[in-house]
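This is what each chain is made of:
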Amino acid sequence: MSEEKLPDWDILYLCLLEKARERHQGKIKIKPKSELKWFWKMLQFILKVLTFGKAPAIYDRFFTVIGRTIWLPGDGSLWDEFTWWQQYALVSHELDHMDYCYFGRSDIRDEDHTEIKNWKDLEAPWYWKLWYNFKYLFWPLPILYAYGRQDIEIKGYRRNIEVNIQMFGEVQEYLILFIFHQFTSANYVWMATKKRADELIQKEVEDVKKAYAENRLRFG
Ligand SMILES: [Zn+2]
């Protein structure tokens, strides 16, 4: 893709966030983990114990969504080092989880909703939100065959793949390797076998490539 055809990621980012804020009725917050340091340090410790010390330093490195708050690593300074398209990709991934949790659908933003006024009415019932969290952590197993977590994360990583192809005209190999690592390492507590991770990622990449070729990807 030539330079002048690149999208304005700063505008798309603001657009993405603005629409998400409307959908989630102004309840979205973006905060650095340092604002709730004791909690993140405690979670990091628990994960270290559960993974025999292999879990990464989630306090300083990972972007995470809990409820409607997107938590930035550390004191948030890392965030400012990212370019607009990278910020777009990261937030797009986390919003995917948020939509899936609150509306029961991660693709709700891909539709036209000019008619819709009351987003609250479209929200999934409370027991779905309960199931969503159970599914993420334990369903049907907490490791290797964690199909629930795999399903939620591949939907999230699809957003990263979409941004990547839009930005570079192809899905970069480093991203595929990065996602594969996420699926098969302690980063997500070994949620998939290597075979399964490979299948899931290839399927998603092919699907995004098709959508890109047919000009069906939507941003902002
Ligand atoms: Zn995720």
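Look up a bit, the structure's there.
Residues numbered from 1 in each chain as written. Predicted model: local features only at pLDDT ≥ 70, side-chain atom pairs only at ≥ 80, totals over all residues.

Novice: Would you take a moment to explain the overall build of the protein chain for this structure?
Specialist: When you go through the protein chain residue by residue, the secondary structure sums to nine helices and three strands. Ordered by position in the sequence, the α and β elements of the protein chain form the string α-β-α-α-β-β-α-α-α-α-α-α. Taken over the C-alpha trace, the protein chain has a radius of gyration of 17 Å; the compact-globule value for 220 residues is 17 Å, and the two agree within 12%. For the protein chain, the spread of C-alpha atoms along the principal axes amounts to about 50 × 40 × 35 Å. Looking at the 220 residues of the protein chain, the share that counts as buried comes to 25%. A fraction of 64% describes how many contacts in the protein chain between residues 6 or more apart in sequence connect residues 24 or more apart. (Helix = DSSP H or I, 4+ residues; strand = E, 2+ residues; numbered from the N terminus. Rg over C-alpha atoms; globule rule 2.2 N^0.38 Å. Buried ≥ 20, exposed ≤ 12 C-beta atoms within 10 Å, placed from the backbone. Contact = placed C-beta atoms within 7 Å.)

Novice: Is there a simple way to explain the packing of helix α7 (residues 147–168) against helix α9 (residues 194–213) in this structure?
Specialist: Packed helices, taken two at a time, are described by the angle between their axes plus the distance between the axes. Across the interface, α7 lies against α9 with an axial gap of 10 Å and an inter-helix angle of 40°. Viewed along their axes, α7 and α9 adopt a mutual orientation that is oblique. For the element pair α7 and α9, the recorded crossing hand is right-handed. Between α7, through Q150, I154, R158, I161, E162 and I165, and α9, the contact on the second element is made entirely by L200, E204, V205, V208, K209 and Y212. Grouping the constituent residues of the contact of α7 with α9 by class yields seven nonpolar, one polar and four charged. (Axes fitted to C-alpha atoms, helices over the stretch in contact; angles between N-to-C directions. Parallel < 35°, antiparallel > 145°, perpendicular 65-115°, else oblique. Left-handed = near helix turned anticlockwise from the far one by under 90°. Nonpolar A, V, L, I, M, F, W, Y, C, P; charged D, E, K, R; others polar.)

Novice: Hey, could you run me through the environment of K209 in this one?
Specialist: Structurally, the position occupied by K209 is in helix α9. Classification of K209 as partly exposed rests on a count of 14 C-beta atoms within 10 Å. Not counting residues up to four positions away in its chain, the partners in contact with K209 are I165 and V171.

Novice: I keep staring at the sheet that holds strand β2 (residues 64–66) and nothing clicks. Help me out?
Specialist: Through backbone hydrogen bonds, the strands of a sheet pair up, either in parallel or in antiparallel fashion. Pairing in this open sheet of three strands is mixed, and the strands run β1-β3-β2 from one edge to the other. Every interior strand has two partners, whereas the edge strands, β1 (29–32) and β2, have only one. Taken over all neighbouring pairs, the strand axes of this sheet differ in orientation by 30° on average, direction set aside. Alignment of β1 against strand β3 (residues 69–72), held across four bridges, turns out to be parallel. Looking at the pairing, K31 lines up with W71 of β3. (Pairing = 2+ DSSP bridges.)

Novice: Mind showing me how you'd approach the packing of helix α8 (residues 173–184) against α9 here?
Specialist: For the pair α8 and α9, the least separation of the axes is 9 Å and the interaxial angle reads 140°. What the angle tells us is that α8 and α9 run oblique. Relative to α9, the crossing made by α8 is right-handed. Taken together, the residues of α9 that come into contact with α8 (itself represented by I176, I179, F180, F183 and T184) are K194, A197, D198, I201 and V205. Of the residues contributing to the contact of α8 with α9, the split by class is seven nonpolar, one polar and two charged.

Novice: Is there a simple way to think about α9 in this case?
Specialist: In an α-helix there are 3.6 residues to a turn, and that puts residues three or four apart on one side. The end-to-end C-alpha distance of α9 is 28 Å, a good match for the 28 Å that 20 residues give at a rise of 1.5 Å each. Among the residues making up α9, those that are buried are A197, L200, I201 and V208. In an axial view of α9, the angular spread of the buried residues amounts to 90°, which keeps them on one side of the axis. Pointing more than 90 degrees away from the buried face of α9 are the exposed residues K195, E199, Q202, K203, E206, K210 and A213. Immediately downstream of α9, the backbone of N215 shows phi near 60°, a positive value. (Expected span 1.5 Å × (residues − 1). Arc of directions from axis to C-beta.)

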